[in-house]
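So the chains spell out like this:
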Protein chains: 2
Amino acid sequence: MAEYIIALDAMGGDNAPDAIVKGAIAALRKYGDVKILLAGPSQRLKPLIDSAEDVRARMELIEADEVIGMDESPMLAVRKKVNSSMVQAVLAVREHRAGAVVSAGSTGALLACGMLRLGRIPGVERPALASAFPGLKKPWLLIDLGANVDCQPKYLAQFGLMGSVYMHSVMGVADPQVGLANIGVEAEKGNKTVREAYALMTAQKSYRFCGNCEARVAPMGEFDVVVADGFAGNIILKYTEGMAEAMMAMLKESLMSSFATKIGAALSKPAFRAFKRRLDYNAYGGAPLLGVEGAVVKAHGSSGEEAICNAVRQARTMLEGGVVERIREGLAGLESV
Amino acid sequence: MAEYIIALDAMGGDNAPDAIVKGAIAALRKYGDVKILLAGPSQRLKPLIDSAEDVRARMELIEADEVIGMDESPMLAVRKKVNSSMVQAVLAVREHRAGAVVSAGSTGALLACGMLRLGRIPGVERPALASAFPGLKKPWLLIDLGANVDCQPKYLAQFGLMGSVYMHSVMGVADPQVGLANIGVEAEKGNKTVREAYALMTAQKSYRFCGNCEARVAPMGEFDVVVADGFAGNIILKYTEGMAEAMMAMLKESLMSSFATKIGAALSKPAFRAFKRRLDYNAYGGAPLLGVEGAVVKAHGSSGEEAICNAVRQARTMLEGGVVERIREGLAGLESV
């Protein structure tokens, strides 16, 4: 019996619909308690799903003949393209036909869709996008990745709660240590917004606030959750990608500079592969959109079968852990301060 | 004949005064047109400088019997400790006994000292701290590193000018490409401040503004100058340190995981050393404080002889390139928009 029903935007991402459907089938084979609703053009999807007889009964199609492109204005697209695979998948959650939605389509459109169609959990000021990153000690969650470029202190305090709930319920961290991204550890450091957020976060009792987190310690994994406004968060997200790419290229150049180092590099290949895998933050699944009425996972645009399967698992874990309900409960505690 | 007179805070930094004096002596041996004024307790410094007979004539002592500690409140320390080595070195510039000042002491104190004692170049809204970083194609300058956590659009537009002048005059870049750190390339991206800064930077003709720079492309070295407010800039600075440290540690762990990769790592050692050197942004010298009436270089607190020698060279190049004069000229162009 299917306990967890997940709607999947079958047409979102670079490899849609083939890899998306394959990922869905792989997830269904792994998790017997999952059912998937695939949104997209049924004449195109039907042959793809019919081939998987063993799990066919746990797949359902939602007719959607439009696709939201990566370059469309998110707000406009979400309003106008009601018959798009993304909007239809989200509507399944809104209408309680599914508990969670996964999409590898446009981030902006999924954000807009989550906010407009699902709405905020009562009390949530601003939903936020989060992602787990590899850390030296352990993975850490960065929230917000760019959904809110201008933030008030209260939003940041709520991001701390939502991040803490996610790390606890989905990543299994007992009592997540929450830090506030800042330019120094002292309470009086930073701009006006973070100074006020620091005070709010210190006063609340809904999660474990451990003070300011300097950007130098974030990759060490000393905090489980790092809170930032969407501007700083997006810069950290993209700088991480850029630095990893630049560092790998520089390392390669250095290794190719002499015969001995070339031999050394050849022998070390398994280590470099392991290193690259460890740096790949997509291994932790997609980016959850937290604070809306439903579990929403944004999978990477380049997601293949495995990434989609992971994103479905992640959505399943968000449902199992009751992320939405826990955020609702935690907010009540935050408000009482 | 000494053309360039540089005041040096002989008591600033972890290795003061020995490494500082040694660095000064090394610089004097390299650059025949430099004279150095060493600020510190003369009875302690005299034996150190007397030993270097060949360049002794181009060293002078400034009596200063106090030291500003790393943990002192910058503003208080700078106001009260007039006889500190840092304040005395800066005063030498203010009184035109020297053109530039180098210190490896407290960053906050040097900022405060530069602003309070030297004052701003007329028209400069906020002096800013900058540093060159390694990039895949070429080094790039990040400005501001944290001197101004709250910025108005006009400050950012001026940082672009100051960064451009520095990269041209000191790093020899013909027509520096200036970018604005932002979360997307489009003009309408980002928070209110950066959107307005984008408009100002596009309108001016004093330097070559090339649009928004996403954090992902910064480490590629596609821009010569990346402008950010001190909050985002400080996060990038410290995240760079943290990520490099975490990545090196992860790579080491991967390399030590099997016998073959250990042998490979041993053979690749020269490449790793070259890679580490390439990542070390201190190789580009200290961090210039731009926008004040004098050339100010903040050397890293852990600077040894070589780093101090490099910082003196950098200060010399700032004087040779007329950085202060060029900022003054460029500002006139900015104002006319």
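Criteria and thresholds
Residues numbered from 1 in each chain as written. Chains lettered and ligands numbered in written order. Predicted model: local features only at pLDDT ≥ 70, side-chain atom pairs only at ≥ 80, totals over all residues. Heavy atoms only, no water. Pairing = 2+ DSSP bridges. Helix = DSSP H or I, 4+ residues; strand = E, 2+ residues; numbered from the N terminus. Axes fitted to C-alpha atoms, helices over the stretch in contact; angles between N-to-C directions. Contact = heavy atoms within 4.5 Å. Buried area = accessible area lost by both parts, 1.4 Å probe. Salt bridge = Lys/Arg side-chain N within 4 Å of Asp/Glu carboxyl O. Polar contact = N/O pair within 3.5 Å; in protein donor to acceptor, adjacent residues only side chain to side chain. Nonpolar A, V, L, I, M, F, W, Y, C, P; charged D, E, K, R; others polar. Buried < 20%, exposed > 50% of the residue type's maximum accessible area, 1.4 Å probe, protein only. Least-squares fit on C-alpha atoms with pLDDT ≥ 70 in both. Parallel < 35°, antiparallel > 145°, perpendicular 65-115°, else oblique. Left-handed = near helix turned anticlockwise from the far one by under 90°.

Let's shift gears to the sheet that holds strand β1 (residues 4–9) of chain B. Residues and elements named next belong to chain B. Spatial strand order, β3-β2-β1-β4-β11-β10-β5-β6-β9-β7-β8: 11 strands in an open sheet with mixed pairing. In this open sheet, the two strands that pair with only one neighbour each are β3 (59–63) and β8 (208–214). With strand direction ignored, the average angle separating the axes of adjacent strands in the sheet is 25°. Direction of pairing for β1 relative to strand β2 (residues 34–40): parallel, over a ladder of six bridges. When the sheet's bridge partners are listed, D9 is paired in β2 with A39.

Contact with chain A, which involves 56 residues of that partner, is made by 55 residues of chain B. When chain A packs against chain B, close to 5000 Å² is buried across both sides, 75% of that on carbon and sulfur atoms. Inspection of the region where chain A meets chain B yields four salt bridges. Put simply, A:E245 and B:R216 hold a salt bridge, and the shortest N to O gap is 2.5 Å. Across the chain A-chain B interface, the total number found is 10 residue pairs in polar contact (both at pLDDT 80 or more). At the level of elements, β7 (177–182), α7 (192–203), α8 (230–255), α9 (259–267) and α10 (269–279) of chain A are the ones that each hand at least two residues to the side of chain A that touches chain B. If one sorts the elements of the side of chain A that touches chain B by residue count, α8(A) sits on top with 22 residues. For the side of chain A that touches chain B, the residue count by class is 34 nonpolar, 13 polar and nine charged.

Residue and element names in this part refer to chain A. As for its position among the elements, Q204 is in the loop between α7 and β8 (208–214). By relative accessible area, which is 4% here, Q204 ends up buried. A polar contact of 2.6 Å, which involves the side chain of Q204, links it to the backbone nitrogen of S206.

Right, let's talk about the relation of the copies chain A and chain B for a bit. Take chain A, turn it by 180°, move it 0.0 Å along the axis, and it overlays chain B with an RMSD of 0.0 Å. Here the copies are linked by what is in effect a two-fold axis. For chain A, the residue whose C-alpha comes nearest the rotation axis is A:G264, separated from it by 1.9 Å. Same-surface contact between copies: 98% of interface residues of chain A are shared with the interface of chain B.

To continue, consider the packing of α9(A) against helix α9 (residues 259–267) of chain B. It is the contact of α9(A) with α9(B), at a shortest axis distance of 7 Å, that shows an interaxial angle of 160°. If you check the angle between α9(A) and α9(B), you find them roughly antiparallel. Between α9(A) and α9(B) the crossing geometry is left-handed. The segment α9(A) lies against α9(B), with A:A260, A:T261, A:I263, A:G264 and A:L267 engaging B:A260, B:T261, B:I263, B:G264 and B:L267. By residue class, the composition of the contact of α9(A) with α9(B) is six nonpolar, four polar and no charged.

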